[in-house]
Amino acid sequence: MIVDYIFKNIRRQRTRTALTLLGIVIGITTIIALGSFSEGITQYISGALELTAGKIMVTQKGSSGFVTGFAGSDLNDQQLEELKLMDGVKDVTPLGFIISGGGFGSSEVIVGIDPESGTSFVGENIGMHDGRELLSDDTEVAMVGYTKADDDKLELGDFIVIKEVEFEVVGIIEKTDNSNVDGSIMINIKDVQALLKTDTYQVLYVIPYNVDDIQSIADSINGEFEDLNAITSKDMARQAASVTSQIQLYTLGMGAISAVVGGLGIMNTMVMAVMERRKEIGVMKAMGATRLWIMQQFLAESLVISIIGGLLGVLLGWGIVTIAGIAAGGSLPLRVTPSLIGFGMAFAMSLGLLGGAYPSWTAAKLDPVQAISQG
Amino acid sequence: MLDIAYRNVMRQRTRTALSALGILIGIGAIIALGSVSEGLRTMVSEEMSAIAGKVMVTQAGTGMSMQALSSDVTPEQLDELAMLSGVSEVVPIGFYMPIGVGFSGVSDWMAIGLHPSQIGTFLGKTVGVTEGEMLEEGDSGEVLIGSDVAERYNYVVGDTATVKETEFTIKGIAEKTDISDLDMAIIMNLEDFQDLVGKDSVQMAYVIPDNPAEAESLTDTINAEMEGLSAMSDKDIARTAEGIISTISFFTFSIGAIAAFVGGLSIMNTMIMSVMERKREIGAMKAMGATSSWIMKQIVTESAMISLIGAIGGASVGIALSFVITAAAGGAMKAVVTPGLLATGIGFAMVIGILGGLYPARQAVKMDPVEALRYE
């Protein structure tokens, strides 16, 4: 293969190459833009899972899940105390959730924590950016995450309204880069109970002394308590993985549609290139060029087009995602990861190879005599 | 002109097929994905029939849908609503939906607490049972179940359905209505429901105005006068739902449109090549007196024809896929290919075909016949 020759051929038909390139660029851009959405969601969910690492989540059997704020899960103080007494359990911390907001998609989750044992929900080593942490006798005060404070321009002493009740902001949590914490509003669990008119909890987090015991403790909770459901951080990770891989499949699948059409464009271009250069191919063959050499030559051409298109598509997609992220003010979970870029490039290159395969095969099997005489 | 165009298009079959295939994929995607959003639209309009002429009231700050789960409307507030002028009836609704713990999917059933006498008002029409008997005022420990629930869990009258660890006897199975509030529901007496959740408040209420036309003004009155409550009229809800569906269908259309656009680039390429190959021919036509607009039309017709072939293929593939989607969804949704959707897909393909042909056509027109005839 002679690199010079490949580029010379690609430049022969500038308009055609440009149009083919544009097709690949658009296709890969779509993959990156849509893929960034699923990467963002995956990151958000894994952030949520980080908070549960090494813990067991206990809810009432048959109650609702994370999406609806565990509605209908009722756990009482007695169950909390019983869980605390189990072998290997270091602590149990209750959580309550209130979902509020104006309509679809704009909802907000308010987390109720027990200030005495609940700091482990946020993470033991996380401090405050400003103000103070919640105290156990606090009422109608809240601490908010860093980005939440930033987005809503909240300062200490400001008020936020939750279910018609005003809460004073007393603390802003330091930036953690975990959007579940950074975007959160946390209040005393007693306030959640008052707002929900209940004296029960929705979720209990069981923290073991030894993380290795997590599965056996979860099993014994499920065995001993008939109406409780305990799942470990590993179970949750497994459930989350099945959800995120589905989202990934859909977004990348939809993104791939236009890239595939771009691949057809490469094939079309290469079919035409082979046809135009029949004579040339004939001469090369007559001069001793092997089939393999000819095939490599044309495959290299289509691969070069697809690599250039892939690179430009990745850059353009990245740019669009960045602009969209800024325009949405952080409310869209968009993220371009190395693996997404890798996927985009690999997809572009496989389009180049597949699109070039048929035309280069036709070129390789041309009969030199016929090719030269018929032109 | 059409037969010349057809002959030219068929001269280079591989090239034409590849260009048309690109359009086919794009239009196929527009129609298959679009059929999903059209299906959602049909589904929602059926749901909307249940709420027509009503006002939905929830606790302020809790919104509609999933968020209504943490909404509380107290008995006192229900009484106040009933006393507002222009209100004919208030339907208190207890609502509970289980979801697999963690991140797993949405539940396929929900529990609804109602006064049995208000079931008809709740659904906006009278419903009968296909098996057993209707739930009556005063029934306790008994439920009416929707047809989808009955089918999915193979329930028959007399079976036991468990809601939040409590067992209920199935008294009747309701006829299918295409309203998910019934078909996917386990309906129990409001008193049973309140015992179950341990609260005397309800999650929401429908307020029925004396005159359906006054739903909008009644909504305003409730929002202004009743502190702590938030009201949405049937029109507000329809607007919200329509907004979401429009977003979805715009998104799905864009996905297919981008692919079709890329296909259009391929058509343009093909036409550029075709014009170049036919330089002599075009020169000869010009020399024999063909006008510029005739040549222009000829080339654009050809590219539109390639696009149309692709679009017809795409429409067939899209329709086939919509059936596959409906079958795969297993009754959860029905993908619908509407005439409007077909027209959008094919129309879009034609626009792309015409646009893709314009630049090559201009090149053909610009050719100097003398030079073109000399060209080899």
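Residues numbered from 1 in each chain as written. Chains lettered and ligands numbered in written order. Predicted model: local features only at pLDDT ≥ 70, side-chain atom pairs only at ≥ 80, totals over all residues. Heavy atoms only, no water.

Concerning empty space enclosed by the protein
All names here are of chain A.
Turning to step 1, where the next piece is worked out: In the structure shown here, the tally under the stated rule is three cavities of 30 Å³ or more.
Turning to step 2, where the next piece is worked out: If you add up the space inside the largest cavity, you get close to 90 Å³.
Turning to step 3, where the next piece is worked out: Around the largest cavity, the lining is made up of 13 residues, and of these Asn 9, Ile 10, Arg 16, Ala 273 and Glu 301 lie nearest the centre.
Turning to step 4, where the next piece is worked out: When residues of the lining of the largest cavity are traced back to their parent elements, those giving at least two are α1 (3-12), α2 (14-52), α9 (233-276) and α11 (291-327).
Turning to step 5, where the next piece is worked out: The leading source of residues in the lining of the largest cavity is α9, at four residues. (1 Å grid on protein atoms, 1.4 Å probe; cavity = no way out; pocket = protein on both sides within 12 Å on 5 of 7 lines; lining within 4 Å. Points joined across faces, edges and corners; volume = space filled by probe spheres on them. Helix = DSSP H or I, 4+ residues; strand = E, 2+ residues; numbered from the N terminus.)

Description of the packing of helix α10 (residues 278-286) of chain A against α11 of chain A
All names here are of chain A.
Turning to step 1, where the next piece is worked out: It is at 10 Å that the axes of α10 and α11 come closest, and there the two elements cross at 145 degrees. The interaxial crossing formed by α10 with α11 has right-handed handedness. Counted together, Ile 281, Met 284 and Lys 285 of α10 and Arg 291, Trp 293, Ile 294 and Phe 298 of α11 form the full contact between these two elements.
Turning to step 2, where the next piece is worked out: Of the residues that constitute the contact of α10 with α11, the class distribution is five nonpolar, no polar and two charged. (Axes fitted to C-alpha atoms, helices over the stretch in contact; angles between N-to-C directions. Left-handed = near helix turned anticlockwise from the far one by under 90°. Contact = heavy atoms within 4.5 Å. Nonpolar A, V, L, I, M, F, W, Y, C, P; charged D, E, K, R; others polar.)

A look at the packing of aromatic side chains
Turning to step 1, where the next piece is worked out: Scanning the entire structure with this criterion turns up four aromatic pairs over all chains.
Turning to step 2, where the next piece is worked out: Ring geometry for Phe 122 of chain B versus Tyr 206 of chain B: centroids 5.6 Å apart, planes at 25 degrees, classification stacked. Separated by 84 residues along the polypeptide, Phe 122 of chain B in helix α4 (residues 119-123) and Tyr 206 of chain B in strand β9 (residues 204-209) bring together distant segments of the chain.
Turning to step 3, where the next piece is worked out: We classify Tyr 206 of chain B as buried; its relative accessible area is 4%.
Turning to step 4, where the next piece is worked out: Lys 55 of chain A extends its terminal NZ or CZ atom over the ring of Tyr 205 of chain A, reaching a point 5.7 Å from the ring centre. (Phe/Tyr/Trp six-rings, centres within 6.5 Å; stacked < 30°, edge-to-face > 60°. Buried < 20%, exposed > 50% of the residue type's maximum accessible area, 1.4 Å probe, protein only. Lys NZ or Arg CZ within 6 Å of the ring centre and 35° of its normal.)

Description of the pairing of strand β9 (residues 203-208) of chain A
Turning to step 1, where the next piece is worked out: Counted residue by residue, β9 of chain A has six buried out of six residues, so it is predominantly covered.
Turning to step 2, where the next piece is worked out: Here β9 of chain A shows no split at all, with Val 203, Tyr 205 and Ile 207 of chain A on one side and Leu 204, Val 206 and Pro 208 of chain A on the other all buried.

Digging into helix α12 (residues 338-364) of chain A
Turn by turn, an α-helix covers 3.6 residues, leaving residues three or four places apart pointing in a common direction.
Turning to step 1, where the next piece is worked out: Taking 1.5 Å per residue, 27 residues should reach 39 Å; α12 of chain A reaches 37 Å between its end C-alpha atoms and fits that length.
Turning to step 2, where the next piece is worked out: At Ala 357 of chain A, α12 of chain A is bent by approximately 40 degrees, the largest bend along its length, and proline Pro 359 of chain A sits one to four residues beyond. (Expected span 1.5 Å × (residues − 1). Bend = angle between axes of the 7 residues up to and from the residue.)

What about a nonpolar patch on the surface?
Residue and element names in this part refer to chain A.
Turning to step 1, where the next piece is worked out: Together, Val 3, Phe 7, Ile 308, Leu 312 and Leu 315 make up an exposed nonpolar region whose accessible area comes to about 430 Å².
Turning to step 2, where the next piece is worked out: Contributing elements (two or more residues each) for the nonpolar patch: α1 and α11.
Turning to step 3, where the next piece is worked out: It is α11 that contributes the most residues to the nonpolar patch, three residues altogether.
Turning to step 4, where the next piece is worked out: Position of Ile 308 relative to the elements: it lies in helix α11.
Turning to step 5, where the next piece is worked out: Residue classification places Ile 308 among the partly exposed residues on the basis of a relative accessible area of 33%. (Patch = residues over 30% accessible without salt bridge, like charges linked within 9 Å, V, L, I, M, F, W, Y side chains within 5 Å. Areas by Shrake-Rupley, 256 points an atom, 1.4 Å probe, with all protein chains shown as cover. Salt bridge = Lys/Arg side-chain N within 4 Å of Asp/Glu carboxyl O.)

Considering the pairing of strand β5 (residues 142-145) of chain B
Two faces belong to every sheet, and in a regular strand the side chains alternate between them.
Residue and element names in this part refer to chain B.
Turning to step 1, where the next piece is worked out: Relative to strand β7 (residues 166-174), β5 is paired through four bridges, and the arrangement is parallel. Its bridge partner lying in β7, Leu 144 is registered against Gly 172.
Turning to step 2, where the next piece is worked out: Sheet analysis places β5 next to strand β8 (residues 185-189), joined by three bridges and oriented antiparallel. Looking across to β8, one finds that Ile 145 is bridged to Ile 186. (Pairing = 2+ DSSP bridges.)

Focus on the side chain of Ser 38 of chain A
Turning to step 1, where the next piece is worked out: Positionally, Ser 38 of chain A belongs in helix α2.
Turning to step 2, where the next piece is worked out: Among residues more than four places away in sequence, those in contact with Ser 38 of chain A are Ile 247, Gln 248 and Thr 251 of chain A.

Remarks on helix α12 (residues 339-366) of chain B
All names here are of chain B.
Turning to step 1, where the next piece is worked out: The end-to-end C-alpha distance of α12, which contains 28 residues, comes to 40 Å, matching closely the 40 Å that a straight helix rising 1.5 Å per residue would cover.
Turning to step 2, where the next piece is worked out: For α12, the principal kink sits at Leu 358 and spans about 35 degrees; a proline, Pro 360, occurs within the next four residues.
Turning to step 3, where the next piece is worked out: Buried within α12 are the following residues: Leu 341, Gly 345, Ala 349, Ile 352, Gly 353, Gly 356, Gly 357, Pro 360, Ala 361, Ala 364 and Val 365.
Turning to step 4, where the next piece is worked out: Along its buried surface, α12 packs onto α2 (13-51), α9 (234-277), α10 (279-287) and α11 (292-329).

A look at the nonpolar core
Turning to step 1, where the next piece is worked out: One finds Ile 28, Ile 31, Ile 281 and Phe 298 of chain A to be the most contacted residues of the largest nonpolar core, which totals 32 residues.
Turning to step 2, where the next piece is worked out: A per-element tally of this core places α11 of chain A first, with seven residues.
Turning to step 3, where the next piece is worked out: Setting aside residues up to four positions removed in sequence, Phe 298 of chain A forms contacts with Met 270, Ala 273, Val 274, Arg 277, Ile 281, Ser 360 and Ala 363 of chain A.
Turning to step 4, where the next piece is worked out: Val 91, Ile 119, Ile 187 and Ile 237 of chain B belong to the second largest nonpolar core, which has 28 residues in total. (Core = buried A, V, L, I, M, F, W, Y, C linked by side-chain atoms within 4.5 Å.)

Some words on the confidence of the model for chain A
Residues and elements named next belong to chain A.
Turning to step 1, where the next piece is worked out: Per-residue confidence for chain A gives a mean pLDDT of 83; residues scoring 70 or more make up 90%.
Turning to step 2, where the next piece is worked out: Within chain A, no element has a lower average pLDDT than helix α4 (residues 119-122), which sits at 56, and none a higher one than α12, at 94.
Turning to step 3, where the next piece is worked out: Below a pLDDT of 50 lies the segment residues 102-106, which in the model reaches nine contacts outside its immediate sequence neighbourhood of four places, other chains included. (pLDDT = per-residue confidence, 0-100.)

Focus: the side chain of Thr 270 of chain B
Turning to step 1, where the next piece is worked out: One can find Thr 270 of chain B in helix α9.
Turning to step 2, where the next piece is worked out: At a separation of 2.9 Å, a polar atom in the side chain of Thr 270 of chain B contacts the side chain of Asn 268 of chain A.
Turning to step 3, where the next piece is worked out: Among all residues touching Thr 270 of chain B, those that are not within four sequence positions of it are Asn 268 and Met 272 of chain A together with Arg 15, Ser 19 and Ile 306 of chain B. (Polar contact = N/O pair within 3.5 Å; in protein donor to acceptor, adjacent residues only side chain to side chain.)

Description of the pattern of salt bridges
All names here are of chain B.
Turning to step 1, where the next piece is worked out: Tallied over the entire structure, the rule returns 20 salt bridges over all chains.
Turning to step 2, where the next piece is worked out: For Arg 41, the salt bridge goes to Glu 38, with nearest N and O atoms at 3.7 Å. Of the two residues, Arg 41 and Glu 38 both sit in helix α2, three residues apart, roughly one turn of that helix.
Turning to step 3, where the next piece is worked out: A salt bridge links Glu 302 to Arg 278; the nearest nitrogen and oxygen atoms lie 2.7 Å apart. Of this pair, Glu 302 sits in helix α11 while Arg 278 is found in the loop between α9 and α10, placing the two residues 24 residues apart along the sequence. The burial state of Glu 302 is the same as that of Arg 278; both residues are buried.

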